[in-house]
Structure formats: C-alpha cells, structure tokens
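# Commentary on secondary and tertiary structure
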Amino acid sequence: MQSLLAALQQSQVIAMLAGLLLLFLWESLHPFYEHFRGSFKDRGKHAVRNLVMGALNSALIAVVFVGLWFAASVWADDYRFGMMHWLQDGLGLPGWVHAAGAVLLFDAWSYAWHRMNHEIPFFWRFHRVHHSDPNMDVTTANRFHIGEIFFSSLFRIPLIALFGIYLWELVLYETLMFAVVQFHHSNINIPAKVDRALRAVIVSPNMHRVHHSRWQPETDSNYSSLFSFWDRLARTFRLNPNPKNIRLGLDEFDREEDQTVGGMLKTPGDKKKRE
C-alpha cells in the first residue's frame, strides 16, 4: 500500500507539471481569448503570482494536513468505519468499486464545498481570490487563498473517516480532479463540438468560463470540479451561447495591487462587496 501511495503521489506531481507546461504552451499558440495573450513578460508575471499562491497552499497541506488525512484513513480502515468500508464488507464489493465510490463521493463533496464558498459570505471572502483573476488561464487552477485551503483541508479529515476512504484513493482523486481543473481553467481554443462532447462527462473550458463570469447569476452556477453531472442533478448547470463575450474576474478587484500576491493574501479582509 505504501509503494502504491508513493507511486500515485509521484504521478500526481508529474501530471501536474506536465499539464501546466502543455496547457501553457497551448494557450500561447492557440488562445481562446486573444486579448489575454499579452507579452511574455506580462504572462510570466501573472503566472508567477498564481503559482506562488499554489506553492503556499501545497506547503500548508504537506506540513499540516497530509499526516492528519493519513491518520483518519488508517483509523477508518482499522475499525472498518465509513460508507465505502461498510458497503465493501456488507456486499463484498471488489477493490475497484471501493475506489470508484471514493472518487464519486469526494467529487460530490467538492461540488458541495464549492457551492458553500459562494453561498456563505465568510467562505466567499476567501474564495473570491480565485474569481478575481481577470485573465484566467491554466495557472488560475493554483490561485486559491491559503485560508480557503486550510478550511477545505480541515473538513476533509472527518470526511475521509465518514466516507471510509484510503489515502491512496484521495491521491487518485486529486490527480484526476486537478488535471481536469487545469484543463477547464486554461485559455485554450478547442472546437465547440469537442467542448460539448467533453462536458457531457467532465467540466469543459466553456462550461467553467461561465462560472468565472463577472455577472453573478453566471458566477453562481457550474460548481462541479471533475464530473459535470452534479450541476445537472442540482440544477445549477448554465451555458453562455457566446462564451467569447464573457467578462472574467470581479469588478471590485480590478486594481493592479489586488492582483499581487500581497493583495490576494489581504483580499479576505477587504470589505468590498459584489457589485
């Protein structure tokens, strides 16, 4: 099990870096929003700021939460506690069904957590750091306030036990989910038919661009992270027939100082409201 976990963690890092480089290059050669292309210097500054936020979050998770997640997973396994353990023991489910159930359960939680970040004002104060990026690209997938990551990581501890999830299954989910998150944040231009086919299963770029709209009815839709069907089930699915006309970002955070690392870290304390 330890060797499997180590292999998955290594694969997660490789997939993240490969996805970042590939999609950044794709955006540069064939962008969806042409006016986001900018100079290499401007794109580099934008990327560095977002990646610094991601690095801070990764350090927090590695130092504080990975050990706690592992402890919750081991405890649930030792006592055969949690939904997937109960189903596996009661119905004799094979291991792959346990893993598939774990992925689905965590993706359902990701939908619920994302929606909470929009509907509960306290959590929105942190989450708006992610939405304040007016030039969304693949690096925006890393742009989250450390406070949001702290709370989401904290809530995962009891959920790992309640769901009865092995830590390797969480790593598997994170690898799949973040690959899709990088993809649907990227400023890549793909044919509309391809986007439509993809969003039948996963969150596509045009689907997620609606979510990053400045218009609140669009912002408060399309909360799914990996699989797109949660929005259809919860009736929060929304499309824009002209995605190139979507204005990304937040009106109240358009100043240059809001886009710096320091500005992003101070965003939760800013009393600005949605327009």
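Attention here is on the structure that accompanies the text. Just so you know, these numbers come straight off a predicted model, no measurement behind them.

## Description of the side chain of H208
Here H208 lies in helix α9 (residues 205–211). Within the local environment of H208, its side chain forms a polar contact with the side chain of H212, the two groups lying 3.2 Å apart. Every residue in contact with H208, bar those within four places of it in the chain, is listed here: M136, H184, H185, V203 and N222.

## So, the packing of helix α2 (residues 40–78) against helix α6 (residues 146–163)
Orientation of α2 relative to α6, taken along the N-to-C sense of each, is 10°, at an axis distance of 8 Å. In terms of orientation, α2 and α6 fall into the roughly parallel class. Only I146, I149, F150, S153, L154, R156, I157, I160 and A161 of α6 make contact with α2, whose side of the interface consists of L56, N57, L60, I61, F65, L68, W69, A72, S73, W75 and A76.

## Observations concerning the packing of aromatic side chains
Within this structure, the stated rule accounts for 22 aromatic pairs. For the pair F106 and Y173, a centre-to-centre distance of 6.0 Å together with 35° between the ring planes defines the contact as tilted. With F106 in helix α4 (residues 95–119) and Y173 in helix α7 (residues 167–185), this residue pair connects regions lying 67 residues apart in the sequence. Look at Y173 and you get buried, because its relative accessible area is 0%. Judged by centre distance (5.0 Å) and plane angle (65°), the rings of W113 and F123 are edge-to-face. Taken together, the residues span a long stretch of sequence, with W113 in helix α4 and F123 in helix α5 (residues 121–131) at a distance of 10 residues. For F123, a relative accessible area of 10% gives the class buried. Grouping aromatic residues by their ring pairs yields a cluster made of F65, W69, W109, W113, F122, F123, F126, F150, F151 and F155.

Rules and cut-offs
Residues numbered from 1 in each chain as written. Predicted model: local features only at pLDDT ≥ 70, side-chain atom pairs only at ≥ 80, totals over all residues. Heavy atoms only, no water. Helix = DSSP H or I, 4+ residues; strand = E, 2+ residues; numbered from the N terminus. Polar contact = N/O pair within 3.5 Å; in protein donor to acceptor, adjacent residues only side chain to side chain. Contact = heavy atoms within 4.5 Å. Axes fitted to C-alpha atoms, helices over the stretch in contact; angles between N-to-C directions. Parallel < 35°, antiparallel > 145°, perpendicular 65-115°, else oblique. Phe/Tyr/Trp six-rings, centres within 6.5 Å; stacked < 30°, edge-to-face > 60°. Buried < 20%, exposed > 50% of the residue type's maximum accessible area, 1.4 Å probe, protein only.

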